[in-house]
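These are the residues of each chain, in order.
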There are 2 protein chains.
Amino acid sequence: MAERGPEWLEWLDGGVTAPEGWRAGASYAGVRTYGEEPRYDVGLLASDRPCTVAGIFSQNAVVGAPIKFNRPRVAAGRAQAIVANSGNANTVTGERGDLDSARMASVAGVHLGVPEELVLVASTGVIGRPLPMDRIEGGIAAIEARPDGGPQFARAIMTTDTRAKSRAVRFEAGGRTYTIGGVAKGSGMVHPDMATVFCFLTTDAPAEVGWLQSTLKAAGDVSINMIDVDMDSSTSDTMLLLANGAAGGAPLDERHPAAPRFREALEAVAIALARELARDGEGARTLIEVQVEGAASLEDARRAARTVTASPLVKTMVAGRDANLGRVLMAVGRSGARVDVDRTSVWIGAYCAFERGVPTETPYETISQAMDTEEVVLRVDLGLGDGRATAWGCDLTEDYVRINADYTT
Amino acid sequence: MAERGPEWLEWLDGGVTAPEGWRAGASYAGVRTYGEEPRYDVGLLASDRPCTVAGIFSQNAVVGAPIKFNRPRVAAGRAQAIVANSGNANTVTGERGDLDSARMASVAGVHLGVPEELVLVASTGVIGRPLPMDRIEGGIAAIEARPDGGPQFARAIMTTDTRAKSRAVRFEAGGRTYTIGGVAKGSGMVHPDMATVFCFLTTDAPAEVGWLQSTLKAAGDVSINMIDVDMDSSTSDTMLLLANGAAGGAPLDERHPAAPRFREALEAVAIALARELARDGEGARTLIEVQVEGAASLEDARRAARTVTASPLVKTMVAGRDANLGRVLMAVGRSGARVDVDRTSVWIGAYCAFERGVPTETPYETISQAMDTEEVVLRVDLGLGDGRATAWGCDLTEDYVRINADYTT
């Protein structure tokens, strides 16, 4: 499928190891015991030199030990590697959990030859059970991190995801060539114990740390934070960006000539991964893209787009290929955004179903039939201002309930 | 099943026509064409004399014509009858919708012999299609409102509800006997176009209008407003209380000796109806009651209880009889309430699963098996203060998706 982004972007294979100076790998350690078959469950990602780092973490009042462990390290602005596991989130595990995160970092650091204090930790999976540290340590020891190991690492962080999610882009800016790689996992807009969102981004660009943080924040706000409404809700959600500078030149900052293109490229990678996350929602058959325009403010647009995307009614209407205009209006109405029905228009796919307060004449059947695609776009024009935002979600199917009701039993 | 409430309350049959001076009836007019068989779809409820009235309406930015019609009438404080229909919500129907609501009130007033300006209107059902006024007028004309017609009226307002919901209580206070009746419809925490919440309450107590409004508001806050999170979200949600004074005596107000008991009785009826609404959620097999205590504030307690109740993860965990403690903690954590995990305890049914930050030793299987009941109670003690609140919801089953994905197709 064609990726969205400016034409000067070249899309590459390789994910997080596509940029210069990165290596990764994975092993099966038996942490993730609940799947049908053995699958990678421990992964390592490392740069050949220290990086500047930026990070965004879950806003949930309950967070896992890894997030508590990472926060001060990211705040310090330097990191060189990530050790990750699936199968167990190391959350609500008390003091032991904190010690286990520290131990993971130190074992990974020794194995990789990276200073222990530059290793970040990420764990996803079940909650409230202690990490099987013997298995994790054995798993780390078994990994050979290699320059083509990005796709392996992508598989190691999967939980109920049905496919790995990697992207990478290359572009020229200010006379140099930069590469950005990314990997993500999620699978489930509302399944935070298994479907924590991880999005790890790597680059060979050098970057000033304050600028890197604000750039990551901006990219997160138009991508990962616009999938459903639960990104800031799980206990382990983590978005990290590590810049190792292998491409050479001066560190990117606001005034660097390459900054605008880097920002745009980072957003393109993050949006591509966000769309993959939404498309792979648990039990999902359809990607839903909600475009809101004409909102009184950017905040209103974001709120309306996210509320429509997250609405179980909208999700089931897409699952049932049911052009139920009322459900879209209902969700917009309760989003908290300023709404004047008589100025509001709604498109379902290519069809305008509601124009400035009045349902159009297009037959319900025509619109419903056109919804029978892999991707349904709902567009809402609030007719009030310039605020615009896009959010992504997926349909709610019987499979979703089956996965979530039967999971641990 | 035993109803909850003080022992001095006598529970009666008859619903909204149990109090003195009330009559009701229903007819099948063919508005509700989508069911398998003809069912009442137009209803009338009337007092033999004018009443003081209180009301609470949907906070959705998009509301139906009936709500716009009722608001000024309720604000004026007097009413005598309600005309209701299911099958069509008269929402997003433009000017024609406003005229149709007015016409319904006037036709009902003439038929009932009630001043047209004292008639309120309620419509629930599909959105965006004009009311079939000829059928509705025919339906009104066919109704004979009788003192035993409460149960008929309860059936006329059902949409996807699987059963009618009526309650009534009688009690003595300050030397007089008062009766309160109530009827509700809902069926679907998140299906606002079909599952609008209506809760209409009648009484033979006389009441001062300002006191009646604050008393209804307080009762709504601990009942209908604590079912899931969508009460204030649908476009047609309406709670009304009409007091006709047939029981005699001075109007109830803050200082009236019967006021405390009336308030308590009203809450008992409203909570009984709220629990029925939650229990009859679309596709539901299990009532979920979430009790939060020890919150830093009442607002925090309400927020936490509602968030847990509304969480699709909690709903599916109850459907699957899966004692997945992590999901409860997750929902509490993202509720916005102040949370300190190390002070938090969680009970699932009779079992403490998490005590001040640490999972207990009670086996997962033991707790899961105990969840196999018609009603699952989740209790959370935040250990921070005196705030407490209770919310109700239902499990999320594959049937829910089936109902909502296939409805209009």
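It should be noted that the structure appears before, not after, this text.
Keep in mind that this is a model prediction, so the values were computed, not measured.

The next point concerns the nonpolar core. Counting 272 residues, the largest nonpolar core has Leu44(A), Ala81(A), Val83(A), Leu44(B), Ala81(B) and Val83(B) as its most contacted members. Dropping the residues within four chain positions of it, Leu44(A) is found in contact with Ala24(A), Gly25(A), Ala81(A), Val83(A), Ala108(A), Leu112(A), Ile140(A), Ile143(A) and Ala145(A).

This paragraph deals with the pairing of strand β9 (residues 238–243) of chain A. Residue and element names in this part refer to chain A. With six of six residues buried, β9 is to be regarded as a mostly interior element. Burial of the side chains of β9 extends over both faces: Thr238, Leu240 and Leu242 are buried on one face and Met239, Leu241 and Ala243 on the other. Summarising the sheet, strand β8 (residues 198–203) and β9 pair through six bridges and their orientation is parallel. Bridged to phenylalanine 198 within β9 is threonine 238.

What follows is about the environment of Ser58(A). All names here are of chain A. In this fold, serine 58 is placed in the loop between β3 (42–57) and α1 (65–76). In this structure serine 58 comes out as buried when scored by C-beta crowding, with 26 C-beta atoms within 10 Å. Sequence separation of serine 58 and threonine 238 is 180 residues, and the distance between their C-alpha atoms is 6.4 Å.

Right, let's get into the pairing of strand β14 (residues 375–381) of chain A. Residue and element names in this part refer to chain A. Here seven bridges tie strand β10 (residues 287–295) to β14, and the two strands are oriented parallel to one another. Counterpart to glutamate 293 in the pairing with β14 is aspartate 381. Pairing of strand β11 (residues 345–348) with β14, which is carried by four bridges, proceeds in the antiparallel orientation. Within the sheet, the bridge partner assigned to serine 345 lies in β14 and is aspartate 381.

With that out of the way, let us pick up the packing of α1(A) against helix α2 (residues 94–112) of chain A. All names here are of chain A. α2 packs onto α1 with a crossing angle of 55 degrees between their chain directions and a minimal axis gap of 8 Å. The angle between the axes of α1 and α2 places the two elements in the oblique class. As α1 packs across α2, the resulting crossing turns out to be right-handed. Two secondary-structure elements touch here, α1 through Ala65, Pro66, Lys68 and Phe69 and α2 through Gly97, Asp98, Asp100, Ser101 and Ala102.

The rules behind each value
- Residues numbered from 1 in each chain as written.
- Chains lettered and ligands numbered in written order.
- Predicted model: local features only at pLDDT ≥ 70, side-chain atom pairs only at ≥ 80, totals over all residues.
- Core = buried A, V, L, I, M, F, W, Y, C linked by C-beta atoms within 7 Å.
- Buried ≥ 20, exposed ≤ 12 C-beta atoms within 10 Å, placed from the backbone.
- Contact = placed C-beta atoms within 7 Å.
- Helix = DSSP H or I, 4+ residues; strand = E, 2+ residues; numbered from the N terminus.
- Pairing = 2+ DSSP bridges.
- Axes fitted to C-alpha atoms, helices over the stretch in contact; angles between N-to-C directions.
- Parallel < 35°, antiparallel > 145°, perpendicular 65-115°, else oblique.
- Left-handed = near helix turned anticlockwise from the far one by under 90°.

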